[in-house]
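# Descriptive structure summary
Chain by chain, the residues run as shown.
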Amino acid sequence: MNKTCVDAGREGCPCILAENGNCIVCKRLSGGNCNECDWQGVCIYSLFLQNGRKRVVGRKKEALPIKDIKTYSESFKVFVLDASKGLCQKASKPGSFVFAKRSGDSDWFGMPVSVLKSDPENKEIHLGIYNCGPKSRNLIENKEPMDLRGIYYSALSGLNILRKETDETLVYTKGIAIAPLRNIMDSGLINPEKCYFYIDINKISLDFVKDYFGNIPLNKVEFREFISDGFDKKRLAEGGCNVIALTSPFYADRIEEAAARPCVRPNRGNMCCGEGICGACTHTGQMGETVRTCKFVP
């Protein structure tokens, strides 16, 4: 049975993994043969042959001008970038993220950043940056065009388990990990009227939540500090609802444990290259195989 790849059939497929005999989906491009394949999309091997037995040039780095900078604190800002309509449309998908860096900096400084908001009509991409290290420090002090590489789509795991017919969705967010929520809501995957939101504004601000999530009904929101108030384990344990945990892995693990079922959460992998090459996001699967979480999201 073929594994799934978040980039299969998209722009940039077949990628460098296929070129090097490590394609996640295509058996022929990973040491097997076509008889083992049950992939139901466009034949990746055929695409590989049509491109002269080499990878397709995919995501390119481009410098985007900064239209606006919204300062919520010395450590937290939102950068509004001037982007093409096509790039904005790609960035509007749930789980979208980019690698961003200050123009002129080495590629080592490329930082994975979830798309906070994508506005194709106004040709804008909004990125929330919290100062937590050398990469983010360079970005948050930047006023020149920002180098972006993307769009990538593996920021979230579990999107496939969301059930639209459920009566309720519990949404837990903490800090800037709330960023992917806007795309989830705008895509129609969840209905805010059928959700209940627990929001910890630690490291962000109430003004930020009002600016980007002001359409959430007030009677559906509870602000709390997870470190002192917890996250309502009793309600989680009732079952029968979707659970979204846009938090650090520490809290996402505990929310998932209390719910006793998988939830939508940030990808566990540490994103570094986004192409399955560097190994930063990998772990060993049950069968001893290398799982590249930037490409394969359970």
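In the block above lies the structure referred to throughout.
A few points on the structure.

Cut-offs used in this document
For every chain, the first residue of the written sequence is number 1, and numbering continues from 1 along that sequence. For a predicted model such as this one, the threshold for reporting local features is a pLDDT of at least 70, and the threshold for listing and counting side-chain atom pairs is 80 or more; totals across whole chains, interfaces and linings nevertheless cover every residue. Heavy atoms throughout the structure, all of them, feed into the side-chain values; hydrogens and water do not. In this scheme, strands are said to pair when DSSP sees at least two bridges between them. The way it works is that DSSP assigns letters per residue, a run of H or I at least four long becomes a helix, a run of E at least two long becomes a strand, and they are numbered from the N terminus. Relative accessibility thresholds used throughout: buried, under 20% of the residue-type maximum; exposed, over 50%; partly exposed, between the two (1.4 Å probe, protein chains only). For our purposes a nonpolar core is just a set of buried Ala, Val, Leu, Ile, Met, Phe, Trp, Tyr and Cys residues, chained together by side-chain atoms within 4.5 Å. We call two residues in contact whenever any of their non-hydrogen atoms come within 4.5 Å of each other. Salt bridges are counted wherever a side-chain nitrogen of Lys or Arg sits within 4 Å of a carboxyl oxygen of Asp or Glu. Between N or O atoms, a polar contact is any pair within 3.5 Å; within protein, one atom must be a potential hydrogen donor and the other a potential acceptor, and residues adjacent in sequence are included only when both atoms are from side chains. To get an axis, fit a line to the C-alpha atoms, keeping to the stretch in contact for a helix; angles then go from 0 to 180 degrees between the N-to-C directions.

### Considerations on the pairing of strand 2 (residues 66–71)
Where strand 2 meets strand 3 (residues 76–82), five bridges bridge the pair, whose relative direction is antiparallel. Residue pairing across strands places I66 opposite L81, the latter belonging to strand 3. Turn length for the strand 2-strand 3 hairpin, with the two strands adjacent in sequence and antiparallel, is four residues.

### Looking at unusual backbone geometry
Negative phi values dominate among residues other than glycine, just as trans dominates among peptide bonds. Residue C13 is joined to P14 through a cis peptide bond whose omega torsion reads 5°. You can see P14 is positioned in the segment before helix 1 (16–19). For the bond from G150 to I151, the omega torsion is 20°, close enough to zero to count as cis. Phi is positive for R53, which is not a glycine, with a value near 60°. Relative to the helices and strands, R53 is located in the loop between helix 2 (44–50) and strand 1 (61–64). Despite not being glycine, K203 shows a phi value in the positive range, around 75°. You can see K203 is positioned in the loop between strand 10 (195–200) and helix 6 (206–213). Looking at K203, the relative accessible area reads 48%, which means it is partly exposed.

### Here's the deal with the nonpolar core
Residues L181, I190, F197, F208 and F213 are the most contacted members of the largest nonpolar core, which totals 26 residues. Those elements giving two or more residues to this core turn out to be strand 3, helix 5 (181–186), strand 10, helix 6 and strand 12 (242–246). A total of four residues in this core trace back to one element, the largest contributor, which is helix 6. Among all residues touching F197, those that are not within four sequence positions of it are V171, L181, P192, I216, K220, V221 and E222. Core analysis: the next-biggest nonpolar cluster, separate from the first, contains 21 residues, V113, I125, I129 and I140 among them.

### Remarks on the pattern of salt bridges
Counted by the stated rule, this structure contains 18 salt bridges. One salt bridge in this structure joins R224 and E222, with 2.5 Å as the shortest N-O distance. Where salt bridges share partners, they join D7, R59, E275 and K295 into one cluster.

### Quick look at the pairing of strand 7 (residues 146–152)
For strand 7, a buried count of six out of seven residues is recorded, marking the element as mostly surrounded by other parts of the structure. Alignment of strand 1 against strand 7, held across four bridges, turns out to be antiparallel. Its bridge partner lying in strand 7, K61 is registered against R149. Bridging between strand 4 (residues 97–102) and strand 7 involves five bridges; their strand directions are antiparallel. Following the sheet pairing, F99 is matched in strand 7 by R149.

### Looking at the environment of F231
With respect to the element layout, F231 can be found in the loop between helix 7 (226–229) and helix 8 (233–237). Along the backbone, F231 and R254 are 23 residues apart, and their C-alpha atoms lie at a distance of 9.3 Å. Ignoring any residue separated from it by four or fewer positions in sequence, one finds F231 in contact with Y172, R224, F226, L236, Y251, R254, I255 and A258.

### What about the side chain of D7?
Relative to the helices and strands, D7 resides in the segment before helix 1. Separated by 2.9 Å, the side chains of D7 and K295 make a polar contact. Aside from chain neighbours lying at most four places away, what touches D7 is C13, R59, Y153 and K295.

### Regarding the side chain of K101
By secondary structure assignment, the location of K101 is in strand 4. At a separation of 2.6 Å, a polar atom in the side chain of K101 contacts the main-chain carbonyl oxygen of D105. In this structure K101 touches K61, S106, D107, F109, G110, L139, M146 and D147, once residues within four positions along its chain are discounted.

### Topic: the sheet that holds strand 9 (residues 169–174)
As summarised here, the arrangement of the four strands in space is 11-10-9-12, forming an open sheet in which the pairing is parallel. Looking at strand neighbours, the two that pair on one side only are strand 11 (221–223) and strand 12, the edges of this open sheet. Geometrically, the sheet is characterised by an average inter-axis angle of 15° between neighbouring strands, direction not taken into account. Of the strand pairs in this sheet, strand 9 and strand 12 are connected by five bridges, and their pairing is parallel. Its bridge partner lying in strand 12, T169 is registered against N242. Set on the sheet, helix 9 (residues 249–259) makes contact with strand 9 and strand 12; between it and strand 12 the angle comes to about 165°.

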